[in-house]
Amino acid sequence: MNVQELLHKITQSADKRVDVPTAPPIELVALIVRWARDLRQWKASTLADFATVSISTVERVERGERVGEEALDRIALALGYEKGAFHEPRLPIGPEAVAEQMVETYAHLEAVDVVPMKTQRAVREVAQCQAFLVHSPGVPDTYDQDIAALTEWLDFASFVLSDDIEIEGGGDIPRRRLYNDILACVMELERRGLTVLSGVMSAPQPGLPGWNVAVLSITPKLTDPGAAKRKQVFVDRRHVAMPSLGFRAVG
């Protein structure tokens, strides 16, 4: 079934009793799996790999077809949901509450174009922003110092660029050296198993129409192998509602 057909099926089931525990409609599960996979910009094969199920199983779920509970659990866990989320009976919350939850989850997200942070141009674009967001879901605490070192380098580069500071040697050579030092820090994170992406998000504020926020997306290659090919990440605009210099971790 396509998305419209799934939505029609869900609408038809909206009048069912809400005082009896029931399993989530498979059509609703199909939509959730599609949306969750799209938000991660995973191919069906990527989800299948993480869930250790076949690609055809993922495709059947996304078409709203029945599959076994074990497969549903594996897909749920791969997408960050709890075991049983896609099949255990529960009291339905009604279409209005579902709509509210969907708005709360997705309405504030904005797609930001990103690229692997492997060029001086990428570093320069990040350093020219007025604020920063570091998004590092699933990254173990053992990387905290390395990520902090990268943010300190970028903060310094932002300071140098914004104030046009003369640093030892003058000219472009020290600036290029600074960029190379930052890229070396990124390479070390990559060598240790992380993917580093960067992008710029326009986030005008009252009195600051040109306010831009640099977005750094840092994820483990082991659990997010498709990140290097990702073209966009989704940012919650509520995290950039107030101007704040420096880095702020989210997620």
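A few points on the structure.

Cut-offs and rules
Residue numbers restart at each chain and count upward from 1, following the sequence in its written direction. Where totals are concerned, whole chains, interfaces and linings use all residues; where local detail is concerned, this predicted model gives features only for residues with pLDDT of at least 70, and gives and counts side-chain atom pairs only at 80 or more. Heavy atoms from the whole structure form the basis of all side-chain values; hydrogens and water molecules are not counted. Every case where a carboxyl oxygen of Asp or Glu lies within 4 Å of a side-chain nitrogen of Lys or Arg is listed as a salt bridge. Helix and strand labels come from DSSP, where a helix needs a run of H or I of at least four residues and a strand needs a run of E of at least two; each type is numbered from the N terminus. Note on exposure labels: buried denotes an accessible area under 20% of the residue type's maximum, exposed denotes more than 50%, and partly exposed covers the range between, all computed with a 1.4 Å probe on protein chains only. Here a residue-residue contact requires only that any non-hydrogen atoms of the pair lie within 4.5 Å. Only rings of Phe, Tyr and Trp enter the pairing, Trp through its six-membered ring, and a pair is recorded when the two centres are within 6.5 Å. The plane angle decides the type: under 30 degrees is stacked, over 60 is edge-to-face, the rest tilted. DSSP calls a pair of strands paired once it identifies at least 2 bridges connecting them.

## Section: the pattern of salt bridges
Piece 1. Under the definition given, this model contains nine salt bridges.
Piece 2. Between Glu-65 and Arg-63 there is a salt bridge; the shortest N-O distance is 2.9 Å.
Piece 3. Here Lys-221 and Glu-190 are joined by a salt bridge, their closest N and O atoms 3.3 Å apart. One end of the pair, Lys-221, is in the loop between strand E5 (212-220) and strand E6 (232-236); the other, Glu-190, is in helix H9 (residues 172-191), and 31 residues separate them in sequence.
Piece 4. A residue is classified by how much of its surface remains accessible, and Lys-221, at 34% relative accessible area, is partly exposed.
Piece 5. Members of the salt-bridge network, linked through shared partners, are Arg-60, Arg-63 and Glu-65.

## Overview of the side chain of Thr-57
Piece 1. Here Thr-57 is to be found in helix H4 (residues 55-62).
Piece 2. Its relative accessible area of 13% is what places Thr-57 among the buried residues.
Piece 3. When sequence neighbours within four positions are dropped, the list of residues in contact with Thr-57 reads Val-67, Ala-71 and Ile-75.

## Looking at helix H3 (residues 44-51)
Working note: α-helix, 3.6 residues per turn, so residues spaced by three or four point in the same direction.
Piece 1. The set of residues buried in H3 consists of Ala-44, Thr-46, Leu-47, Ala-48 and Ala-51.
Piece 2. For H3, the elements touching its buried residues are helix H2 (26-40), H4 and helix H5 (69-78).
Piece 3. Two residues or fewer past H3, Thr-52 is found with a positive phi of approximately 50 degrees.

## What to know about unusual backbone geometry
Piece 1. Although it is not a glycine, Thr-52 adopts a positive phi angle of roughly 50 degrees.
Piece 2. Mapping Thr-52 onto the fold places it in the loop between H3 and H4.
Piece 3. By relative accessible area, which is 55% here, Thr-52 ends up exposed.

## Some points on the packing of aromatic side chains
Piece 1. Inspection of the entire model under this criterion finds two aromatic pairs.
Piece 2. Look at Tyr-81 and Phe-86: their rings are 5.4 Å apart centre to centre, the planes differ by 50 degrees, and that puts the pair in the tilted class.
Piece 3. Accessibility expressed as a relative area gives 4% for Phe-86, which makes it buried.

## So, the pairing of strand E4 (residues 194-202)
A regular strand carries its side chains on alternate faces of the sheet.
Piece 1. In terms of burial, E4 is a largely internal element, seven of the nine residues being buried.
Piece 2. With two bridges joining them, strand E2 (residues 115-116) and E4 adopt antiparallel strand pairing. Pairing of Pro-116 across the sheet is with Leu-197, part of E4.
Piece 3. As judged from the nine bridges shared by E4 and E5, these two strands associate in the antiparallel manner. Bridge pairing links Leu-197 to Ser-217 in E5.

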